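Take a look at the letters that make up each chain.
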Amino acid sequence: MDAKAYKITHMSNEHTKTDIDQDPGLVVEDARPQLKKPPLYRVILLNDDYTPMEFVVQILQDVFSLDRNVATRVMLEVHTKGKGICGTFTYEIAETKVAQVAGLAQQHQHPLFCTMEES
Ligand code: TYC
């Protein structure tokens, strides 16, 4: 659903000081609507045979801000089905999260891999 945008305009009174009762002050009127929503990207986590489950759950909590129960469910979904969605973000946020996962996986020498796709 589209949110409606408004702008607030100050309608100054250019008459005499005695006209103060006529001054509408701040008024709210329709503003030009935003033209486009940014494209969104799903970050997809892939299964592998070596990365410990606990490491994956921790990544999902720390990088994707999932609570532990949701993180565990997503990890098990990836483990059983081969891949799963960590979240949906704008391009730069998705890209940053993919890079954070790659960095942490490399630091800990796990083959954990995730990628992004337009949603
Ligand atoms: N399959 C891994 C194991 O059995 C766990 C795992 C889950 C790895 C999700 C990666 O994205 C992943 N230890």
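Whatever comes next refers back to the structure up there.
Residues numbered from 1 in each chain as written. Predicted model: local features only at pLDDT ≥ 70, side-chain atom pairs only at ≥ 80, totals over all residues. Heavy atoms only, no water.

K.L.:
Could you clarify how one ought to interpret the nonpolar core in this entry?
P.N.:
The tendency in soluble globular proteins is for nonpolar side chains to be buried side by side. Ranked by internal contacts, the top residues of the largest apolar core, which has 23 residues, are Val 43, Leu 45, Ile 59, Leu 60, Phe 64, Val 101 and Leu 112. Mapped onto this core, the elements with two or more residues apiece are strand E3 (40-46), helix H1 (53-62), helix H2 (68-81), strand E4 (83-90) and helix H3 (91-107). It is H1 that provides the largest number of residues to this core, a total of 5 residues. Those residues in contact with Leu 112 that lie beyond four places of it in its chain are Leu 45, Leu 46, Asp 48, Thr 51, Phe 55, Val 56, Ile 59, Val 101 and Ala 105. (Core = buried A, V, L, I, M, F, W, Y, C linked by side-chain atoms within 4.5 Å. Buried < 20%, exposed > 50% of the residue type's maximum accessible area, 1.4 Å probe, protein only. Helix = DSSP H or I, 4+ residues; strand = E, 2+ residues; numbered from the N terminus. Contact = heavy atoms within 4.5 Å.)

K.L.:
Whenever I open this one, the sheet that holds E3 confuses me. Can you help?
P.N.:
Strands belonging to one sheet form pairs held by backbone hydrogen bonds; the direction of such a pair is parallel or antiparallel. Across the sheet, which stays open at both edges, the 3 strands sit in the order E4-E3-E5 with antiparallel pairing between neighbours. On the outer flanks of this sheet lie E4 and strand E5 (113-118), each paired with one strand and no other. For this sheet the average axis-to-axis angle between neighbouring strands, irrespective of direction, equals 25°. Of the pairings in the sheet, the one linking E3 to E4 comprises 7 bridges and is antiparallel in character. Across the sheet, the residue bridging to Leu 40 is Thr 90, located in E4. Where H2 meets the sheet, its contacts fall on E3 and E4, and the angle it forms with E4 comes to roughly 130°. (Pairing = 2+ DSSP bridges. Axes fitted to C-alpha atoms, helices over the stretch in contact; angles between N-to-C directions.)

All we've got here are geometric facts, nothing functional implied.
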